[in-house]
Every structure is written in C-alpha cells, then in structure tokens.
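Per-entry structural report
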Amino acid sequence: MSILKQPFKIALVQLAAGPDKAANLAHAKTKVLEAAKAGANVIVLPECFNSPYGTNYFPQYAESLTAPNSSPSFSTLSSIAKETSTYLIGGSIPEVDPNTQKLYNTSLVFSPMGELLATHRKIHLFDIDIPGKIQFKESEVLSPGDNMTIVETEYGKIGLGICYDIRFPELAMTAARKGCFAMIYPGAFNMTTGPLHWSLLARSRAVDNQIYVALCSPARDMNASYHAWGHSMVVDPNGEILQELEHSEGLVLANLSRERIEEVRKGIPVTMQRRFDVYKNVVD
Ligand SMILES: O=C(O)CCC(=O)C(=O)O
C-alpha cells in the first residue's frame, strides 16, 4: 500500500550545466533557493547537474563520497538542504570509490536538516546503439549500482532511480509494492529517445503502479556534446501530466496528495486485482 502521509509541494529544477563545477554548484544553489521560496518541500535536481554529460567527463568530475568534506557537491547539497529546510534529491554526480577506483552515476538525498538520507548508484547503465542517431555506452567507464533505493521522508516513502532506470518497470513496481507513493528519476534523455519515450515511460510507470512519477532533466545546451531533451515533468497516479517544461531552464511545481492516489486506485482497482497466483514466477 502506497502511503502519502500529508500533502506537499515538489519542485523540479531544470538546470543548465557547463564545464565549471563550482559555477554549476553555485547555480544549483540559486535555483534551489528559488524553488524553496516558491513553497517546495521536496526539491529535485537533474542527472549530472554538476558537470557536462558524457563518458569522457565522468572520470574528470568524479568525487569520492567517503569523506563528505572532500566532496564539494556533497557539502553544497547538504548545506542547501539545511538552509532551505527541504528534502533535496541531488540529481546525480559522477562518483569514484577510492578503494576500487570504480566510477558510478550517483544520486545523494538530504533531509531538511542537511543529513544524508540515501545514496543511489544508477543500476541500469545507459548503453544503447541506434544507428545514425545515437550511440552511448556508460559501461565503458561506469559501474552499475546493485541496490534499490527507497527514501523515508515525513511524507512517506519515495523510490529513486536515475534516467535509464526508468526503462525497467520492475524497479518502480517493486518500490510501489514496498509502499512508495512516488518514483523520482533525475534523467537526461536525448533528442532521439526523448521525443519517443520520455513522457511515455513516465506515464507508464505512473499508471502501472498508480503512483506519482517525477522526471528532472538538465536544460538543453546546443553547444554541449550531449543535447538533453529537457521536458522535466510530474505525472499523477492516473498517468496525467500535471506540469511539464520545454527545453530551457525552469521550475516545475506540483502538489502531491494522498487523496489523488486513493481516488485513482478506487476508480481502477488494479492494485487489488493482481493475479500473482498466475504470474508469481516473474524472475523465471
Ligand atoms: O533511455 C534513454 O533513452 C536515455 C537514457 C539516458 O540518457 C541515461 O540513462 O542517461
């Protein structure tokens, strides 16, 4: 049963990021402060918000998260969450594990007190090859995470994924069955798969599980090597898009309520109608 304990406002910050990490962090801070001023209680940043997106950039921008003081992104996110008294889903950053030298695409989540609540390493790496359109192979440099992430907040449980993770319905389904009322995905789709699948996947995960789904993208920069689709959006448990941006910087603001989840589940009670006796051996 997905429980949303009390209504709240979510903000998605669609941000432009350039090569200067310190400038990216300062810019993120300005925009998160704006979102908090607009009344947001939970604020989400995009995938790779502190660097350009690309396999060649990951090693250069990676930070070790074992000692928070040595990670400028960790300390900035923590202090912004505290300053704004909001839950901050810190998009993602390239992470290096200093023991293994392995790199990950990692999201850090902070409480309104600035405490680290969760660390999600992208589970499904973005390896695709659509001839003539786009070729990308994150696994050339990144390692995959091995854990699902569910964040406990005062509003209830939120499931977390990063970008390509949204293509795997099992992740959202499992989170919903563990009681999450929303899935949040910082993500950076592109100009090929963005128009085809971004909104379709968000609406699918929402309607499959009758939960809220939020996708937060970087703004599009046509001078960068990777052209992000943008279109950050919040989808309600009925698959309806509550708010969507175009490709420029901006803020999505949406109110999430338990009543909406209950209304949708009452009208179309699929959560009560599943036939696990028929398809219980999903993994087989
Ligand atoms: O799934 C896609 O089409 C895009 C995924 C992506 O850009 C990513 O995982 O970073």
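Model, not experiment: these values are computed from the prediction. (Residues numbered from 1 in each chain as written. Predicted model: local features only at pLDDT ≥ 70, side-chain atom pairs only at ≥ 80, totals over all residues.)

1. Description of the confidence of the model for the protein chain
Close reading of the predicted structure is inappropriate where its pLDDT is low. Here the protein chain shows a mean pLDDT of 95. Residues at 70 or above account for 99%. For this predicted complex, the interface score ipTM comes out at 0.98, while the overall pTM is 0.97. (pLDDT = per-residue confidence, 0-100.)

2. Concerning the sheet that holds strand β13 (residues 233-235)
Pairing within the open sheet is mixed, and its six strands lie in the order β9-β10-β11-β12-β13-β14. Of all strands in the sheet, those with a lone pairing partner are β9 (149-153) and β14 (241-244), marking the two edges. Strand-to-strand, the axes of this sheet are offset by a mean angle of 20°, without reference to chain direction. Relative to β13, strand β12 (residues 212-216) runs antiparallel, the two being bridged by three bridges. From the neighbouring strand, V213 faces β13, where its bridge partner is V235. Packing against the sheet, helix α4 (residues 169-177) makes contact with β9, β10 (156-160) and β11 (180-186), and its axis sits at approximately 145° to β11. Against the sheet, helix α5 (residues 193-209) contacts β11, β12, β13 and β14, and its axis sits at roughly 155° relative to β12. (Pairing = 2+ DSSP bridges. Helix = DSSP H or I, 4+ residues; strand = E, 2+ residues; numbered from the N terminus. Axes fitted to C-alpha atoms, helices over the stretch in contact; angles between N-to-C directions. Contact = placed C-beta atoms within 7 Å.)

3. Some details on the nonpolar core
By size, the foremost hydrophobic cluster in this structure holds 78 residues, and its most contacted members are I10, V13, V44, A182, Y212, V213 and A214. By residue number, the principal contributor to this core is β11, which donates six residues. Discounting residues that sit within four places of it in the chain, Y212 has contacts with F181, A182, A206, V234, V235, D236, P237 and L256. (Core = buried A, V, L, I, M, F, W, Y, C linked by C-beta atoms within 7 Å. Buried ≥ 20, exposed ≤ 12 C-beta atoms within 10 Å, placed from the backbone.)

4. Notes on unusual backbone geometry
Positive phi, normally seen in glycine, also occurs at C48, with a value near 45°. Within the fold, C48 resides in the loop between β2 (42-44) and α2 (58-61). Of the residues examined, C48 has 27 C-beta atoms within 10 Å and is grouped as buried. The backbone of S85 sits at a positive phi, close to 50°, despite the residue not being glycine. Considering the arrangement of structural elements, one finds S85 in the loop between α3 (72-84) and β3 (87-89). Here S85 falls in the exposed class, since 12 other C-beta atoms lie within 10 Å of it.

5. Topic: α5
In a regular helix each residue adds 1.5 Å, so 17 residues correspond to 24 Å; α5 covers 23 Å between its end C-alpha atoms and thus fits that length. Restricting attention to buried positions, one finds in α5 the residues G194, W198, L201, A202, R205, A206 and N209. In this fold, the buried residues of α5 make contact with α4, β11, β12 and β13. Positive backbone phi, approximately 55°, marks Q210, located one or two places after α5. (Expected span 1.5 Å × (residues − 1).)

6. Description of the packing of α4 against α5
The interhelical angle for the contact between α4 and α5, taken along N-to-C directions, is 35°, at an axis separation of 10 Å. As α4 packs across α5, the resulting crossing turns out to be right-handed. Facing α4, whose interface residues are P169, A172, M173 and A176, α5 presents R205, D208 and N209. Here the contact of α4 with α5 is built from residues that sort into four nonpolar, one polar and two charged. (Left-handed = near helix turned anticlockwise from the far one by under 90°. Nonpolar A, V, L, I, M, F, W, Y, C, P; charged D, E, K, R; others polar.)

7. Points about the environment of P46
Its location among the elements puts P46 in the loop between β2 and α2. Between the alpha carbons of P46 and Q14 there is a distance of 6.5 Å; along the sequence they are 32 residues apart.

8. Some remarks on the pairing of strand β4 (residues 93-96)
Neither face of β4 is open: one carries I93 and E95, the other P94 and V96, and all of them are buried. The pairing of β4 with strand β5 (residues 103-110) spans four bridges and is classified as antiparallel. What sits directly across from P94, in β5, is N105.

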